[in-house]
Amino acid sequence: MDEDKKNILIIEDEQSIAELERDYLEISGFSVDIASDGDTGLQKALEGDYALIILDLMLPGKDGFQVCKEVREMKDIPIIIVSARKDDIDKIRGLGLGADDYVTKPFSASEMVARVKAHMARYARLVGSGREESGVIEIHGLKIDPSARRVFVNGEERTFTTKEFDLLYFLASHPNHVYTKAELFKEIWKMDSVGDIATVTVHIKKIREKIEMDSAKPQYIETIWGVGYRFKV
């Protein structure tokens, strides 16, 4: 992705909310497209060249969960879910499908712009020419290649989202160091957690499903109860 590209897609059926988001983003220098239903939004997301997607959950046609799932299967760009649904199960499901963030309505438009900028800046750093400078990490059958952003388990490649790879690589780069969920959220998402600890938990679960022989008895990422996580060597 071109680091200077600032095209945003908003998939939102409430016109007043979509227009408010659009106005604040355009004032901040972004160009914005709006889709008011899930089917149109998915088509635009897959065919367009967007830097980030803001996605409502309750949509006519395909719901936000399905749109998120299908976009993530084809593209690796930041997705911010916006929803009036406050249940943790919805947040966990959305993040588990590959969303990068979950914002609950009502929200401050300026907060949304700040989150958009944070996710886009993070992504630009990851895909830019100066990615990670460290070398490949290999341990106990796990191989993490930061320059190619590829992960292999016993020679078999596993597919990771941007944040899943970032989190795995960060932990593996600091073996035996215990990090709290808040520390990991701030390091990977570049924001204070403000109650979003579930984000880290969901991403650790997804990583374990991909690299562990038995995710209930993890070989690589260990839970330190009451504290956080560490990568074991």
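Conventions and cut-offs
- Residues numbered from 1 in each chain as written.
- Predicted model: local features only at pLDDT ≥ 70, side-chain atom pairs only at ≥ 80, totals over all residues.
- Heavy atoms only, no water.
- Helix = DSSP H or I, 4+ residues; strand = E, 2+ residues; numbered from the N terminus.
- Buried < 20%, exposed > 50% of the residue type's maximum accessible area, 1.4 Å probe, protein only.
- Contact = heavy atoms within 4.5 Å.
- Areas by Shrake-Rupley, 256 points an atom, 1.4 Å probe, with all protein chains shown as cover.
- Lys, Arg positive; Asp, Glu negative; His and termini not counted.
- Charge placed at Lys NZ, Arg CZ, Asp CG, Glu CD.
- Pairing = 2+ DSSP bridges.
- Right-handed = clockwise from strand over helix to strand, strands pointing away.
- Phe/Tyr/Trp six-rings, centres within 6.5 Å; stacked < 30°, edge-to-face > 60°.
- Axes fitted to C-alpha atoms, helices over the stretch in contact; angles between N-to-C directions.
- Parallel < 35°, antiparallel > 145°, perpendicular 65-115°, else oblique.
- 1 Å grid on protein atoms, 1.4 Å probe; cavity = no way out; pocket = protein on both sides within 12 Å on 5 of 7 lines; lining within 4 Å.
- Points joined across faces, edges and corners; volume = space filled by probe spheres on them.
- Nonpolar A, V, L, I, M, F, W, Y, C, P; charged D, E, K, R; others polar.
- Polar contact = N/O pair within 3.5 Å; in protein donor to acceptor, adjacent residues only side chain to side chain.

Engineer: Residue-level account of the overall build of the protein, with values.
Structural biologist: Within the protein one finds eight helices and twelve strands. Taken over the C-alpha atoms alone, the protein extends approximately 50 × 35 × 30 Å along its principal axes. For the protein, with 233 residues in total, the buried portion stands at 48%. Across the protein, contacts joining residues at least 24 apart in sequence account for 59% of those joining residues at least 6 apart. Put simply, the protein shows about 11,100 Å² of open surface, and 48% of that area lies on carbon and sulfur atoms. Across the protein, the 33 positively charged side chains and the 42 negatively charged ones have centroids separated by 4 Å.

Engineer: Explain the pairing of strand β4 (residues 79–83) to me, and be specific about the residues and the numbers.
Structural biologist: In terms of burial, β4 is largely enclosed, as five of its five residues are buried. Residues of β4 alternate between two faces, with Ile79, Ile81 and Ser83 on one and Ile80 and Val82 on the opposite face, all of them buried. Strand direction decides the pairing type here: strand β3 (residues 52–56) and β4, joined by four bridges, are parallel. Residue pairing for β4: Ile54 is matched across the bridge by Ile80. Of the crossover connections in this fold, the one passing from β3 over helix α3 (residues 64–74) to the parallel β4 is right-handed. Direction of pairing for β4 relative to strand β5 (residues 101–104): parallel, over a ladder of four bridges. Following the sheet pairing, Ser83 is matched in β5 by Thr104. Chirality of the crossover, the property in question, places the unit of β4, helix α4 (residues 88–96) and β5 among those that are right-handed.

Engineer: Describe in detail the packing of aromatic side chains, supporting the description with residues and values.
Structural biologist: Evaluation of the coordinates by the stated rule reveals four aromatic pairs. Where Phe165 meets Tyr169, the ring centres are 6.0 Å apart and the plane angle is 5°; that geometry is what we call stacked. With Phe165 and Tyr169 both in helix α6 (residues 162–173), this residue pair falls four residues apart, about one helical turn. Both residues of the pair, Phe165 and Tyr169, count as buried. Arranged with centres 4.9 Å apart and planes meeting at 55°, the rings of Phe170 and Tyr179 form a pair that is tilted. For the pair formed by Phe170 and Tyr179, the shared burial category is buried.

Engineer: Outline the packing of helix α7 (residues 181–189) against helix α8 (residues 197–211), supporting the account with residue identities and numerical values.
Structural biologist: Direction vectors running N to C along α7 and α8 enclose 85°, while the axes themselves pass 9 Å from each other. The angle between α7 and α8 places the two elements in the roughly perpendicular class. Touching Lys181, Ala182, Leu184, Phe185 and Trp189 of α7 are Ile197, Thr199, Val200, Thr201 and His203, all from α8.

Engineer: Please set out the sheet that holds strand β2 (residues 31–35) residue by residue, giving values where relevant.
Structural biologist: Read across the open sheet, the five strands follow the order β2-β1-β3-β4-β5; overall the sheet is parallel. At either end of the open sheet lies a strand with only one pairing partner, and these are β2 and β5. The average angle at which neighbouring strand axes cross in this sheet is 20°, direction not considered. The strands that α3 touches are β1 (7–11), β3 and β4; relative to β3, the one it contacts most, it runs at about 155°.

Engineer: Tell me what's going on with the layout of surface pockets, and back it up with residues and numbers.
Structural biologist: Estimates place the volume of the second largest pocket at around 200 Å³. Around the second largest pocket, the lining comprises 14 residues; the ones closest to its centre are Arg72, Thr159, Phe160, Thr161 and Lys210. Put simply, the parts of the chain that give the lining of the second largest pocket at least two residues each are α3 and α8. If you tally residues by element for the lining of the second largest pocket, the top one is α3, at three residues. Tallied by class, residues from the lining of the second largest pocket come to three nonpolar, four polar and seven charged.

Engineer: Could you give an account of α3, with specific residues and numbers?
Structural biologist: By the burial criterion, the buried members of α3 are Gly64, Phe65, Val67, Cys68, Glu70, Val71 and Arg72. As for α3, its buried residues are in contact with β1, α2 (38–47), β3, β4 and α4. Where α3 begins, one side-chain oxygen reaches toward the backbone nitrogen of Phe65, 3.2 Å away; that side chain belongs to Asp63.

Engineer: Outline the sheet that holds strand β9 (residues 156–158), supporting the account with residue identities and numerical values.
Structural biologist: With antiparallel pairing, the four strands of this open sheet are ordered in space as β6-β7-β8-β9. One side of each edge strand has no neighbouring strand; the edge strands of this open sheet are β6 (137–139) and β9. Ignoring strand direction, the axes of neighbouring strands in this sheet form an average angle of 20°. Pairing analysis gives four bridges linking strand β7 (residues 142–145) to strand β8 (residues 150–153), with the strands arranged antiparallel. Paired with Leu142 across the strands is Val153, a residue of β8. In this fold α6 packs onto β6, β7 and β8, with an angle of close to 110° to the strand it touches most, β7.

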